[in-house]
Amino acid sequence: MLWGGPFTGKKKKKTFIVSNKEEVESLKKRVEFYEAILNNLPNDLVVFNEHHQYIFINPTGVKNKELREFLIGKDDYDYCEYRNAPHQIAEERRKLFLQAVQLKKDIYWEDKKKNGDTTEVVSRRMRPIFDENGNLKYVLGFGLDISKLRETEIILNEKLEELKQVLKHAASAIIIYNQNGTILQWNQAATHLFGYTKNETNGKAVFDFLSDERLMAKLYSAIGNSEIHAPPFAVSKPIETKILAKNGTLKFIEAYVQQYEANGNIYYAAFVNDITEKKNAEEKLNQLNAGLAALVNERTKELENKNESLKHFTSMISHDLRAPLRSVIGFTQVLKKTIWGYCNTEQQSILENIISEAKKMDERIQGLLKYSRLSNMAVAREYIDVAEILNRAFIIYGKYYENKTAVLKKPESLITYSDEVLVTTICDNLISNALKYSSSSRQTIIEVTCTVTDNEQIFCVSDNGIGFNNNDSDDIFKVFHRLHTDLLYEGLGIGLAHVKKCVERIGGKIWVESELEVGSKFYFTIPNQ
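Fair warning: this is a prediction, and the values are worked out from it, not measured in the lab.

Undergrad: Report on the packing of aromatic side chains, specifying residues and quantitative values.
TA: On inspection of all chains with the given rule, the structure shows 11 aromatic pairs. Arranged with centres 4.7 Å apart and planes meeting at 45°, the rings of Phe48 and Tyr54 form a pair that is tilted. For the ring pair Trp511 and Tyr523, a centre distance of 5.3 Å and an interplane angle of 10° mean the geometry is stacked. You can see Trp511 sitting in strand S16 (residues 510-515) and its partner Tyr523 sitting in strand S17 (residues 519-527), a full 12 residues away along the chain. A relative accessible area of 31% places Trp511 in the partly exposed class. Under the relative-accessibility criterion, Tyr523 is labelled buried at 17%. Grouping aromatic residues by their ring pairs yields a cluster made of Phe48, Tyr54 and Phe97. A cation over an aromatic ring shows up here: Lys74 above the ring of Phe70, its NZ or CZ 4.5 Å from the ring centre. Between the NZ or CZ atom of Lys336 and the centre of the ring of Trp340, over which it lies, the distance is 5.1 Å.

In structure tokens:
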């Protein structure tokens, strides 16, 4: 009777026993299989009976085996007492349990527990299980640790808020729209530029707020290109166009359009800047430039007329003024030969002075003519050796002052890129001046140096001559200005004026430093190529 029936034979008894052993083994394996799965789930899992008592707890739910075994057949009040936790937790769990049973659906909530500097967050759920008759069999309790997920959500929300603030307070108007042109985002700068609020534009087409057909065509082209899938896609160049603001003001804008992809959808971000002031400034500048061009043309014509008058005046001086002067010199010389023997000493001195002053006047006229021609002379730049020009000047003008011993110190080569005629005039005058105004008490030493900078070459022609008061350093470059009388040093007072004019013609500067009875240093610059 032990097996549910009489023993009728050895064979039958053996078969019956083997059959039950197989069922038992199969059942044991199934139990082990499900226990292995349930006990190794990464999530909390508990099973309650209809009285809200634990009938199963997996190790993830309660890691302590002793506590896990203790809780079987007990409820949350027993758990709180074991843990010395407030009974309020058990009461809240009982309410949730009853709510799930009464509503016959899953109930969700989150448990939060502070653990040092971090907060552990567990997402929990209760699911009631009923039989075919609607009777409660048991209730499943699930728990999933979502602490890291919540931390990530907090970080993402912070970043999202930052991006929203950037979008809101950006200086450029930012408009985001989809492939249909429907506006999805419209920031404060866009409201300021167009005059429409975010509520007025939300859900409307971006083209409703643009008044330029060319811009619309380009944006439509960008949106309608179905072959473009991979972001980023942008309108090839910034588009400058006009828009009509809500208040009727016409504004100039510069727009950039950038394509991007999110969640499998393609969107467009338009970055729009107000360039009305820039355009107005450009228009004013164009007007000023046009007016300036007209003024330059007018002044150019005036200058051309003045130059023509100056040429005529120069020609008049050269011919009409010098011709009578030469006649005075010639007739006086004839008169001198004719009556020289009949004149007393005073009369002879007068004849000599007439001829001498007339010649000086002629030289001054020639000097003025040369000074005038320098202003109109074309500048022909080429590579030249200033050292060679200085050598020639020293040899030529040294013959005029053979009674003075002089030495010229300079580098063997001084290559520069400038006009040879103008540089020669500069060197001739500076060398002749150094020889002329040398000291009678010592050997004349003329030294030439050159310093090269990023923008220019700085030449210095120094001497140990008689020098002059440094307060006169600006006046000596003026036409006919002299510091000495003809009795001491002959000259016209125009040589240094020629030097200054030549330096200015090649785009340089000139200045001088001097001290009485010590010497002078003349500096002039030649711009680099």
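Undergrad: Any chance you could break down the pattern of salt bridges for me, citing the residues and the numbers?
TA: Using the criterion set out here, one finds 16 salt bridges in the structure. Notably, a salt bridge pairs Arg150 with Glu110, separated by 2.2 Å at the nearest N-O pair. You can see Arg150 sitting in helix H5 (residues 147-169) and its partner Glu110 sitting in strand S3 (residues 107-115), a full 40 residues away along the chain. Residue Arg150 is classed as partly exposed on the basis of its relative accessible area, which comes to 24%. In this structure, Asp111 and Arg124 form a salt bridge, with 2.7 Å as the shortest nitrogen-oxygen distance. Placement of Asp111 in strand S3 and of Arg124 in strand S4 (residues 118-130) is noted, with a sequence separation of 13 residues between them. You can call Asp111 partly exposed: its relative accessible area is 22%. One salt-bridge network, in which partners are shared between bridges, spans Asp44, Arg93, Asp111 and Arg124.

Undergrad: I'd like a description of the sheet that holds S16, backed by residues and values.
TA: Across the sheet, which stays open at both edges, the 5 strands sit in the order S12-S14-S15-S17-S16 with mixed pairing between neighbours. Looking at which strands have only one partner, the edges of the open sheet turn out to be strand S12 (406-409) and S16. Adjacent strand axes in the sheet meet at a mean angle of 15° when their direction is disregarded. When strand S14 (residues 444-452) meets strand S15 (residues 456-463), the two strands line up antiparallel, connected through 7 bridges. Residue pairing for S15: Val452 is matched across the bridge by Gln457.

Undergrad: Outline a nonpolar patch on the surface, supporting the account with residue identities and numerical values.
TA: There is a patch of nonpolar side chains on the surface, built from Phe33, Tyr34 and Ile37 and spanning about 320 Å² of accessible area. Counting through the fold element by element, Phe33 comes out in helix H1 (residues 10-39).

Undergrad: Give a detailed account of helix H11 (residues 386-398), specifying residues and quantitative values.
TA: For H11, built from 13 residues, the straight-helix expectation of 18 Å at 1.5 Å per residue is met to within 8% by its first-to-last C-alpha distance of 18 Å. Restricting attention to buried positions, one finds in H11 the residues Val386, Ala387, Ile389, Leu390, Ala393 and Phe394. Projected down its long axis, H11 carries its buried residues within an arc of 160°, all on one side. Those residues of H11 that are buried lie in contact with strand S11 (381-385), S12, strand S13 (415-419), helix H12 (420-436), S14 and S15. Backbone nitrogen of Ala387 and a side-chain oxygen of the N-cap are separated by 3.0 Å at the start of H11; the cap is Asp385.

Undergrad: Which residues make up the nonpolar core, and what values go with them?
TA: In this structure, Leu390, Ile426, Leu430, Ile431, Ile446 and Phe524 are the most contacted members of the largest nonpolar core, which totals 35 residues. Per element, the largest residue contribution to this core is 8 residues, and it comes from H12. Among residues more than four places away in sequence, those in contact with Leu430 are Val461, Leu496, Val499, Phe522 and Phe524. Within the second largest apolar cluster, 20 residues are counted, among which are Leu193, Ile243, Ile253 and Val257.

Undergrad: Now, about the sheet that holds strand S8 (residues 239-244): what can you tell me, with residues and values included?
TA: Strand order in the open sheet made by the 5 strands is S7-S6-S10-S9-S8, with antiparallel pairing throughout. Each edge of the open sheet is held by one strand with a lone partner, namely strand S7 (183-186) and S8. Along the sheet, successive strands turn relative to each other by an average axial angle of 30°, direction set aside. Direction of pairing for strand S6 (residues 173-178) relative to S7: antiparallel, over a ladder of 3 bridges. Paired with Tyr177 across the two strands is Ile183, which belongs to S7.

Undergrad: Requested: an account of the pairing of S6, with residues and values cited.
TA: With 6 of 6 residues buried, S6 is to be regarded as a mostly interior element. Here S6 shows two buried faces, one formed by Ala173, Ile175 and Tyr177 and the other by Ile174, Ile176 and Asn178. Where S6 lies against strand S10 (residues 265-274), 6 bridges are found, and the strand directions are antiparallel. The partner of Ile175 across the bridge, within S10, is Ala270. Counting the residues between successive antiparallel strands, the hairpin from S6 to S7 contains 4 residues, one of them, Gly181, with a positive phi of roughly 85°.

Undergrad: Got a sec to walk through the packing of H12 against helix H13 (residues 495-505)? Specific residues and values, please.
TA: Packed helices, taken two at a time, are described by the angle their axes make and the gap between the axes. Between H12 and H13, the shortest axis-to-axis distance is 9 Å and the interhelical angle comes to 150°. Judged by the twist between their axes, the crossing of H12 over H13 is left-handed. In this structure, H12 contributes Leu422, Thr425, Ile426, Asn429, Leu430 and Asn433 to the contact, and H13 contributes Gly495, Leu496, His498, Val499, Cys502, Val503 and Arg505. Residues belonging to the contact of H12 with H13 are distributed by class as follows: 7 nonpolar, 5 polar and 1 charged.

Undergrad: Lay out unusual backbone geometry with the relevant residues and their values.
TA: What is expected of a backbone is that most residues other than glycine have negative phi and most peptide bonds are trans. Positive phi values are uncommon outside glycine, yet Lys104 reaches one of about 55°. Here Lys104 shows up in the loop between helix H4 (87-103) and S3. Relative accessible area serves as the criterion here: at 54%, Lys104 is assigned to the exposed category. Even without being glycine, Asn263 reaches a positive phi, approximately 55°. Following the sequence through the fold, Asn263 ends up in the loop between strand S9 (250-262) and S10.

So, how was this worked out
- Residues numbered from 1 in each chain as written.
- Predicted model: local features only at pLDDT ≥ 70, side-chain atom pairs only at ≥ 80, totals over all residues.
- Heavy atoms only, no water.
- Phe/Tyr/Trp six-rings, centres within 6.5 Å; stacked < 30°, edge-to-face > 60°.
- Helix = DSSP H or I, 4+ residues; strand = E, 2+ residues; numbered from the N terminus.
- Buried < 20%, exposed > 50% of the residue type's maximum accessible area, 1.4 Å probe, protein only.
- Lys NZ or Arg CZ within 6 Å of the ring centre and 35° of its normal.
- Salt bridge = Lys/Arg side-chain N within 4 Å of Asp/Glu carboxyl O.
- Pairing = 2+ DSSP bridges.
- Axes fitted to C-alpha atoms, helices over the stretch in contact; angles between N-to-C directions.
- Patch = residues over 30% accessible without salt bridge, like charges linked within 9 Å, V, L, I, M, F, W, Y side chains within 5 Å.
- Areas by Shrake-Rupley, 256 points an atom, 1.4 Å probe, with all protein chains shown as cover.
- Expected span 1.5 Å × (residues − 1).
- Arc of directions from axis to C-beta.
- Contact = heavy atoms within 4.5 Å.
- Polar contact = N/O pair within 3.5 Å; in protein donor to acceptor, adjacent residues only side chain to side chain.
- Core = buried A, V, L, I, M, F, W, Y, C linked by side-chain atoms within 4.5 Å.
- Left-handed = near helix turned anticlockwise from the far one by under 90°.
- Nonpolar A, V, L, I, M, F, W, Y, C, P; charged D, E, K, R; others polar.

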